[in-house]
Amino acid sequence: MMPLAALLGSEAEAAKWKNSRVHRLVIWHRIDPNVALDMVEQAIDEQDPAILAEPGQVWTRRPEADPELPDVLYLTHWLDREHQHLVAEDGGRTGTGVILLPLLYAYELDYWRPV
């Protein structure tokens, strides 16, 4: 994965995004700010979709993942408020469909066009 700043266009945009994720964890989940920052930084390093996944992203199937999965997913929007189901286009075999967030662990973040 490219560095977050490269994916988002600048260090300032990466910092802004990271701060918004930390803020969300602190407010929504009542996590200590320092712990939330550590979680977000670790998620970035590990490409954890539970923290990273957002509409506008393109995720590419990892080489070791099931070859029956679509090669590429473009995330268009969340289907629910709990952020467990994403609507994704694959531009290939299956077109548009709903995926569960855990499916993204078979993919790596490749491109990000913030919406």
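Criteria and cut-off values
Residues numbered from 1 in each chain as written. Predicted model: local features only at pLDDT ≥ 70, side-chain atom pairs only at ≥ 80, totals over all residues. Heavy atoms only, no water. Helix = DSSP H or I, 4+ residues; strand = E, 2+ residues; numbered from the N terminus. Rg over C-alpha atoms; globule rule 2.2 N^0.38 Å. Contact = heavy atoms within 4.5 Å. Buried < 20%, exposed > 50% of the residue type's maximum accessible area, 1.4 Å probe, protein only. Core = buried A, V, L, I, M, F, W, Y, C linked by side-chain atoms within 4.5 Å. Pairing = 2+ DSSP bridges. Axes fitted to C-alpha atoms, helices over the stretch in contact; angles between N-to-C directions.

## Let's talk about the overall build of the protein
Next, step 1: When you go through the protein residue by residue, the secondary structure sums to four helices and five strands.
Next, step 2: In sequence order, the secondary structure elements of the protein are arranged as α-α-α-α-β-β-β-β-β.
Next, step 3: For the protein, the C-alpha radius of gyration of 14 Å lies close to 13 Å, the compact-globule estimate for 115 residues.
Next, step 4: Seen through its C-alpha atoms, the protein measures out along the principal axes to roughly 40 × 30 × 25 Å.
Next, step 5: Put simply, of all contacts in the protein between residues at least 6 apart along the chain, 45% involve residues at least 24 apart.

## Describing unusual backbone geometry
Next, step 1: A positive phi angle, close to 55°, is found at Arg 30, a residue other than glycine.
Next, step 2: By the secondary structure assignment, Arg 30 is in the loop between helix H2 (11–29) and helix H3 (33–46).
Next, step 3: Given a relative accessible area of 76%, Arg 30 falls into the exposed group.
Next, step 4: At Gln 47, a residue that is not glycine, the phi angle is positive and equals roughly 55°.
Next, step 5: Take Gln 47: it is sitting in the loop between H3 and helix H4 (49–52).

## Points about the environment of Leu 103
Next, step 1: Within the fold, Leu 103 resides in the loop between strand E4 (96–100) and strand E5 (107–112).
Next, step 2: Residue Leu 103 is classed as partly exposed on the basis of its relative accessible area of 28%.
Next, step 3: In this structure the C-alpha to C-alpha distance between Leu 103 and Leu 69, which are 34 residues apart in sequence, comes to 9.5 Å.

## Quick word on the nonpolar core
Next, step 1: One finds Trp 17, Leu 75, Leu 86 and Leu 104 to be the most contacted residues of the largest nonpolar core, which totals 31 residues.
Next, step 2: Secondary structure elements with two or more residues in this core: helix H1 (4–8), H2, H3, H4, strand E2 (72–78), strand E3 (85–89) and E5.
Next, step 3: Setting aside its immediate chain neighbours within four residues, Trp 17 contacts Leu 4, Leu 8, Val 40, Ile 44, Ile 51, Leu 52, Glu 54 and Trp 112.

## A look at the sheet that holds E3
Next, step 1: The strand order across the open sheet formed by five strands is E4-E3-E2-E1-E5, and the pairing between neighbours is antiparallel. Because the sheet does not close on itself, it has two edges, and the strands there are E4 and E5. Here the strands of the sheet are splayed against their neighbours by 40° on average, with no regard to which way each runs.
Next, step 2: Sheet topology places E3 next to E4; five bridges connect them, and they run antiparallel. Each bridged residue has a counterpart across the sheet, and for Ala 88 the counterpart in E4 is Gly 97.

By themselves, these are just geometric observations and shouldn't be taken as functional.
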